[in-house]
Amino acid sequence: MDVDTRLLRYFAAVAEEGSLTRAAERLFVSQPALTKQIKQLEAQLGVLLFTRSRAGMALTEAGRTLVMKVPALLAGWDRALRETKRSADHAARVLRVGFVASAANESTQQIIAAFARRRPGWRVDMRQAAWSNPTAGLASGDVDVALLRLPFPGQDALRVEVLFTEPRWVALPTAHPFAARDQILFRDLWDEPFVAAPPETGWWREYWLAADEREGHPVRIGAVTDQPDEWLSAIANGYGVALTPESSARFYARPGIVYRPVSGVSPSRVGIAWAPFDDTDPVVQDFVRCCRDSGPSPPGGTPA
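Since the model is a prediction, treat every value here as computed from it, not as a measurement. (Residues numbered from 1 in each chain as written. Predicted model: local features only at pLDDT ≥ 70, side-chain atom pairs only at ≥ 80, totals over all residues. Heavy atoms only, no water.)

Draft legend 1. Summary view of helix α9 (residues 282-292). Burial within α9 is extensive, with 8 of its 11 residues counted as buried. For α9, the complete set of buried residues consists of V283, V284, Q285, D286, F287, V288, C290 and C291. (Buried < 20%, exposed > 50% of the residue type's maximum accessible area, 1.4 Å probe, protein only. Helix = DSSP H or I, 4+ residues; strand = E, 2+ residues; numbered from the N terminus.)

Listed below in structure tokens is the structure:
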């Protein structure tokens with residue numbers, strides 16, 4: 001019998017979380033979709049893996065047996081998949097680098113140039129990810145290393161090194177009453193509708209809504225977007241405002257939107273992330289060194 005490894009990952013997440021809701025947030029899928037996948041796995045195996053109640057999802061005896069085997073099975077498959085892709089990329093002298101939004105800002109080009117000097121003949125393949133994929137493909141093995149905004153779901157399972165921090169600003173429609181201010185107090189934005197990432201991104205979305213810095217004040221959602229262009233359009237069309245790194249004012253300037261500094265909210269951090277078993281990969285570690293040695297932080301940023 002062949003079983004999709006995705007189903008096993010979903011099973012492992014539900015078993016670990018003990019809740020479909022929490023597992024769905026962790027996996028960036030909807031709860032109905034996750035329920036369907038668990039039922040599909042049970043149907044394929046011909047056994048009941050969970051008993052469901054108001055208290056959550058409890059493993060059956062069959063489920064407890066499977067959950068002991070799944071981690072090693074998935075880890076072995078992940079490693080085999082990564083090493084297969086890696087061998088092809090290394091043969092072609094390509095390093096796959098995932099990133100979200102503006103990567104390491106202006107330092108990105110310096111990092112790539114430094115890597116080219118360190119590894120003559122190698123090419124960096126930059127791959128931008130949607131906000132619904134906060135690890136930019138690193139968790140799935142689609143990239144070798146990633147330049148990411150912290151915090152992100154799953155970072156505890158990866159090596160992460162902070163490169164710099166930068167303030168969080170707010171993006172506003174030009175017609176917004178606050179657009180004329182030189183600086184905006186975050187508290188003044190609490191009642192504004194916000195443009196948010198998809199709900200399945202979990203606490204990645206919560207961080208960019210600064211949900212834990214509102215003293216319990218509820219968040220109003222004006223629009224949900226997954227790509228920078230959609231995000232910009234929603235703000236320009238007046239559906240909401242959004243917290244964003246200060247660098248967005250340089251990288252995502254467009255008519256209809258203004259960016260203003262915000263006081264009373266914590267800064268954003270940019271880091272380099274890689275898988276633990278790549279601690280010994282010389283190519284990945286060369287790229288990490290180039291990130292560390294990239295020089296002064298970008299405008300508005302603070303070195304880590």
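Moving on, there is more to tell.
Draft legend 2. Representation of the sheet that holds strand β12 (residues 257-263) within the structure. Pairing in this open sheet of 4 strands is mixed, and the strands run β8-β12-β7-β11 from one edge to the other. On the outer flanks of this sheet lie β8 (184-185) and β11 (242-245), each paired with one strand and no other. As paired elements, strand β7 (residues 168-173) and β11 share 4 bridges and run antiparallel to each other. Within β11, the position partnered with R168 by the bridge is P245. (Pairing = 2+ DSSP bridges.)

Draft legend 3. Summary view of the packing of helix α1 (residues 5-17) against helix α2 (residues 20-27). Contact pair α1 / α2: the axes reach a minimum separation of 8 Å and the direction vectors enclose 130°. Relative to α2, the element α1 is oriented oblique. Judged by the sense of rotation from one axis to the other, the crossing of α1 with α2 is right-handed. Contacts between α1 and α2 involve Y10, A13, V14, E16 and E17 from the former and L20, R22, A23, R26 and L27 from the latter. Along the lines of polarity and charge, the residues of the contact of α1 with α2 split into 6 nonpolar, no polar and 4 charged. (Axes fitted to C-alpha atoms, helices over the stretch in contact; angles between N-to-C directions. Parallel < 35°, antiparallel > 145°, perpendicular 65-115°, else oblique. Left-handed = near helix turned anticlockwise from the far one by under 90°. Contact = heavy atoms within 4.5 Å. Nonpolar A, V, L, I, M, F, W, Y, C, P; charged D, E, K, R; others polar.)

Draft legend 4. Structural context of the pattern of salt bridges. All told, the structure shown has 17 salt bridges when counted by the stated rule. With a shortest N-O distance of 2.8 Å, E61 and R64 are connected by a salt bridge. Of this pair, E61 and R64 both sit in helix α4 (residues 61-92), separated by 3 residues, roughly a single helical turn. Residue R250 is joined to E106 by a salt bridge in which the shortest nitrogen-to-oxygen separation is 2.6 Å. One end of the pair, R250, is in helix α8 (residues 248-251); the other, E106, is in the loop between β3 (94-100) and α5 (107-118), with 144 residues separating them in the sequence. Overlapping salt bridges bring together R118, R119, D286 and R289 as one network. (Salt bridge = Lys/Arg side-chain N within 4 Å of Asp/Glu carboxyl O.)

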